[in-house]
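Chain residues, written in single-letter form:
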Amino acid sequence: MGLLDILLGRTKPVAPDLDQLFALPSAAVTLEAATGFTPTGQGAVCFATVEGAAFEQTHREVQALLDADADRTGPPVELGQDAYGYSWLVSRRAPDELSLLVNDLHAVNSSMEVNGFGPQLLCSLAGFRDQAGRTLALVYLYKRGTYFPFAPLPGAGQRRDNAMELQVKAVLAGDLRIEQDLGRWFPVWGAPGL
């Protein structure tokens, strides 16, 4: 970054750091101790869909790779599309298998990146729930290399529990690289894996 970039307020984009995903299991222990939220065993990777045989082949290979796991229990990996046209690859594991879920999310992101589809990756998330039935997602922003919490309020409508999100931010500040720009904490309404 040069002097002109600094004067004009330009910044270099943060390079994705997929290894940040591996911090999630230890952060989950902190989260449970402080707030009572435990993993649901569900997670997903969101990406912009691209037309073409190479893209189709890549996500079929990723899906086949994850489904080939001999230790996988429950439903196979699913690919779906949301109301906004984004694709979601959803993995479901037992709630106590968060590290295996993280491996799944990392494998999807890595495969997409290696095959040249890194720019299409948007985010990955892992779902959590507390005893009161509230849901929470820890969302990893691929292009920023940071996390943010997303806590939808139960019931009809699209409302967030901002106080809970800020509490989770404070609790996990020592465990995860938290996104400091709250404007980037976009909602993931209806995201699979939540």
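Above this text sits the structure in question.
Overview of the structure. Just so it is clear, the structure is predicted and the values come from calculations on it, not from any experiment.

Helix and strand counts for the protein chain come out as five helices and six strands. Helices and strands appear in the protein chain in the N-to-C order α-α-β-α-β-β-α-β-β-β-α. Here the contacts in the protein chain between residues at least 6 apart in sequence split such that 65% fall between residues at least 24 apart. Carbon and sulfur atoms make up 55% of the accessible area of the protein chain, which totals about 9600 Å².

Trp88, Phe128, Leu138 and Leu176 are the most contacted members of the largest nonpolar core, which has 51 residues in total. Per-element tally for this core: the top contributor is helix H4 (residues 98-114), with seven residues. Sequence-distant contacts of Leu176, that is, excluding residues within four places in its chain, are made with Ala23, Leu24, Ala27, Leu138 and Tyr147.

Before going further, it helps to spend a moment on the sheet that holds strand E6 (residues 146-150). Here six strands make up an open sheet; going across it, the order is E2-E3-E1-E4-E5-E6 and the pairing antiparallel. Two strands lie at the open edges of the sheet, namely strand E2 (78-81) and E6, each paired on one side alone. Pairs of neighbouring strands in the sheet enclose a mean axial angle of 25°, with direction left out of account. As judged from the seven bridges shared by strand E4 (residues 121-129) and strand E5 (residues 135-141), these two strands associate in the antiparallel manner. In the strand pairing of E5, Arg129 is matched with Thr135. Its contacts with the sheet put helix H5 (residues 162-172) on E5 and E6, and the angle it makes with E6 is roughly 145°.

Reading the values: the criteria
- Residues numbered from 1 in each chain as written.
- Predicted model: local features only at pLDDT ≥ 70, side-chain atom pairs only at ≥ 80, totals over all residues.
- Heavy atoms only, no water.
- Helix = DSSP H or I, 4+ residues; strand = E, 2+ residues; numbered from the N terminus.
- Contact = heavy atoms within 4.5 Å.
- Areas by Shrake-Rupley, 256 points an atom, 1.4 Å probe, with all protein chains shown as cover.
- Core = buried A, V, L, I, M, F, W, Y, C linked by side-chain atoms within 4.5 Å.
- Buried < 20%, exposed > 50% of the residue type's maximum accessible area, 1.4 Å probe, protein only.
- Pairing = 2+ DSSP bridges.
- Axes fitted to C-alpha atoms, helices over the stretch in contact; angles between N-to-C directions.

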